[in-house]
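Commentary on secondary and tertiary structure
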There are 2 protein chains.
Amino acid sequence: MVQIVTDPILKVPETAHAIEQKRRILEAASRVFRRQGLHATGMRDIAAELDMHAGNLYYYFRNKHDLLAFCQEEALTGLLEAAEEILASDAPTGERLGRLIVVHVERVNEQTPGSLAHLEVEALEEPWRRAIQERRDAYERVYRLLIERGVEEGCFQTNDPRVAAMAILGALNWTVKWYRPGGRKDASEIGREFAELLVAGLTARAKSRDGSH
Amino acid sequence: MVQIVTDPILKVPETAHAIEQKRRILEAASRVFRRQGLHATGMRDIAAELDMHAGNLYYYFRNKHDLLAFCQEEALTGLLEAAEEILASDAPTGERLGRLIVVHVERVNEQTPGSLAHLEVEALEEPWRRAIQERRDAYERVYRLLIERGVEEGCFQTNDPRVAAMAILGALNWTVKWYRPGGRKDASEIGREFAELLVAGLTARAKSRDGSH
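Residues numbered from 1 in each chain as written. Chains lettered and ligands numbered in written order. Predicted model: local features only at pLDDT ≥ 70, side-chain atom pairs only at ≥ 80, totals over all residues. Heavy atoms only, no water.

Looking at the overall build of chain A
- A count of helical and extended segments in chain A gives 8 helices and 0 strands.
- When its helices and strands are written in sequence order, chain A yields α-α-α-α-α-α-α-α.
- Evaluated residue by residue, chain A yields a buried proportion of 56% over its 213 residues.
- In chain A, the share of contacts with a sequence separation of at least 24, taken over all contacts with a separation of at least 6, comes to 68%. (Helix = DSSP H or I, 4+ residues; strand = E, 2+ residues; numbered from the N terminus. Buried < 20%, exposed > 50% of the residue type's maximum accessible area, 1.4 Å probe, protein only. Contact = heavy atoms within 4.5 Å.)

Structure (structure tokens):
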């Protein structure tokens, strides 16, 4: 899937250089956010981290809000691409769901700046709001689809695939609130333990239903 | 358990009237937060919702930060009391964990204003920070203890009770981001479905280990 990046303000495709600069800014911003918290971080702190003139930073992002929105959009686009790839693969459903879980925990905690979970969609202004909400809905849909598939196949059981998907996504997204790089376990290990717990939660009841224990 | 409420700024017990006023303010604030988002809500909007002079509101809370911190402290204290009660009961471990899950989803979405999950501990100033972190740690400990108990009893299986506890708490806390009062399902129903999924996730592997399926 080729990703077309369009500046949501100017509505024109951005230059490769601008996109690269924005990503470099996000990485720096992410370090500052982790160090001093989202609320306490200003555009000046981010510029200082980059050794960049604040004026240059404002060329790429009008304010912190824009920066966070771009960050969230980037994160969601990447997750959605990975999810669509996993959805299209022909591995067993439980394995695909587990893989999706591991990839999510890895990405939101290691690859993407940790602000995915912090920003409220409600607090976003157009045109970010719609772009991010659409990606978020599509991403949730992949979880729901996999769970529904598992139910059809008889390997999963749940009353409500949507509620189950939200439980799983909540567990995954919440990791950005407590995960610390260099801690006792890395994101992949945590992802694998989450996958085991959550896939088992869907699987177990299918098995108990047919009386095998 | 008798709850002693101490004003964290003045370090003196508050009058019953002041506590009642603060709770009334929290309820109003919660309605405004839900309606227009946390970030977009100012102290003036909360005062307007209460038909109160802004000056009176500032008598109880110096700013929005104080109000949110009080809100989070209240919520955590209530959750902790409920959790300790459930921990002390003699119901089977899986049932107790399930009960804890249902109570949490109910409380954060219906009884307590929805700001529990929004406020970063990192963004809190002392003395709130310590008070809230202590309660949060104690509350997480109850989950960990119940999971460890289940593992000892052989009814649960997990590599890491702490990681399992964080997965469960993440699923629960995230509900404040998507739960809507008057929606398709109420908080109790969602809580029960979460409990089924999450307790099954811990239980299933204990059963598969002893080869019963």
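Having seen the structure, we can now continue with the description.
Considering the packing of aromatic side chains
- This structure, assessed with the given rule, holds 8 aromatic pairs over all chains.
- A centroid spacing of 4.9 Å and a plane angle of 85° characterise the contact between tyrosine 59 of chain A and tyrosine 60 of chain A, whose relative ring orientation is edge-to-face.
- With relative accessibility at 65%, the residue tyrosine 59 of chain A sits in the exposed group.
- A residue is classified by how much of its surface remains accessible, and tyrosine 60 of chain A, at 16% relative accessible area, is buried.
- A centroid spacing of 5.5 Å and a plane angle of 55° characterise the contact between phenylalanine 61 of chain B and phenylalanine 70 of chain B, whose relative ring orientation is tilted. (Phe/Tyr/Trp six-rings, centres within 6.5 Å; stacked < 30°, edge-to-face > 60°.)

Topic: the environment of glycine 170 of chain A
- Secondary-structure assignment places glycine 170 of chain A in helix H7 (residues 161-178).
- On the basis of relative accessible area, glycine 170 of chain A is assigned to the buried category, the value being 0%.
- Setting aside its immediate chain neighbours within four residues, glycine 170 of chain A contacts Gly170, Ala171 and Trp174 of chain B.

Side note on the nonpolar core
- By size, the foremost hydrophobic cluster in this structure holds 80 residues, and its most contacted members are Leu97 and Phe194 of chain A together with Leu97 and Phe194 of chain B.
- Beyond its immediate stretch of four places on either side in the chain, phenylalanine 194 of chain A contacts Ile101, Ala171, Leu172, Thr175 and Trp178 of chain A together with Val163, Met166 and Ala167 of chain B. (Core = buried A, V, L, I, M, F, W, Y, C linked by side-chain atoms within 4.5 Å.)

Looking at the pattern of salt bridges
- Taken as a whole and judged by the stated rule, the model has 16 salt bridges over all chains.
- With its nearest N and O atoms 2.6 Å apart, the salt bridge here joins glutamate 74 of chain A to arginine 23 of chain A. Residue glutamate 74 of chain A is located in helix H4 (residues 64-88), and its partner arginine 23 of chain A is located in helix H1 (residues 16-36); the two are separated by 51 residues in the primary sequence.
- Relative accessible area serves as the criterion here: at 17%, glutamate 74 of chain A is assigned to the buried category.
- A residue is classified by how much of its surface remains accessible, and arginine 23 of chain A, at 33% relative accessible area, is partly exposed.
- Linking glutamate 49 of chain B and arginine 31 of chain B is a salt bridge whose minimum nitrogen-to-oxygen distance equals 2.8 Å. (Salt bridge = Lys/Arg side-chain N within 4 Å of Asp/Glu carboxyl O.)

Describing the packing of H1 of chain A against H4 of chain A
Residues and elements named next belong to chain A.
- One can describe the packing of H1 onto H4 by two numbers: an axis separation of 11 Å at closest approach and a directional angle of 105°. The angle between H1 and H4 places the two elements in the roughly perpendicular class. Counted together, Lys22, Arg23, Ile25, Leu26, Ala29 and Phe33 of H1 and Lys64, Leu67, Leu68, Phe70, Cys71 and Glu74 of H4 form the full contact between these two elements. (Axes fitted to C-alpha atoms, helices over the stretch in contact; angles between N-to-C directions. Parallel < 35°, antiparallel > 145°, perpendicular 65-115°, else oblique.)

Points about unusual backbone geometry
- Positive phi outside glycine occurs at aspartate 51 of chain A, with the angle close to 60°.
- Inspection of the secondary structure assignment puts aspartate 51 of chain A in the loop between helix H2 (43-50) and helix H3 (54-60).

Here's the deal with the confidence of the model for chain A
- Considering every residue of chain A, the mean pLDDT works out to 84; 84% of them sit at 70 or more.
- Segment residues 206-213 of chain A: pLDDT under 50, and 15 contacts once partners within four positions in sequence are set aside and those in other chains are kept. (pLDDT = per-residue confidence, 0-100.)

Observations regarding the side chain of arginine 96 of chain B
All names here are of chain B.
- Position of arginine 96 relative to the elements: it lies in helix H5 (residues 93-111).
- Comment: no salt bridge for buried arginine 96; closest opposite-charge side chain is glutamate 153, at 4.7 Å.
- Here the side chain of arginine 96 touches serine 89 through a polar contact of 3.3 Å, landing on its backbone oxygen. (Lys, Arg positive; Asp, Glu negative; His and termini not counted. Polar contact = N/O pair within 3.5 Å; in protein donor to acceptor, adjacent residues only side chain to side chain.)

Details of H2 of chain A
Residue and element names in this part refer to chain A.
- All buried positions along H2 are accounted for by Met43, Ile46, Ala47 and Leu50. All buried residues of H2 fall inside an arc of 100° around its axis, so they share one side. Away from its buried face, by an angle of more than 90 degrees, H2 presents the exposed residues Arg44 and Ala48.
- Packed against the buried residues of H2 are H1, H3 and H4. (Arc of directions from axis to C-beta.)

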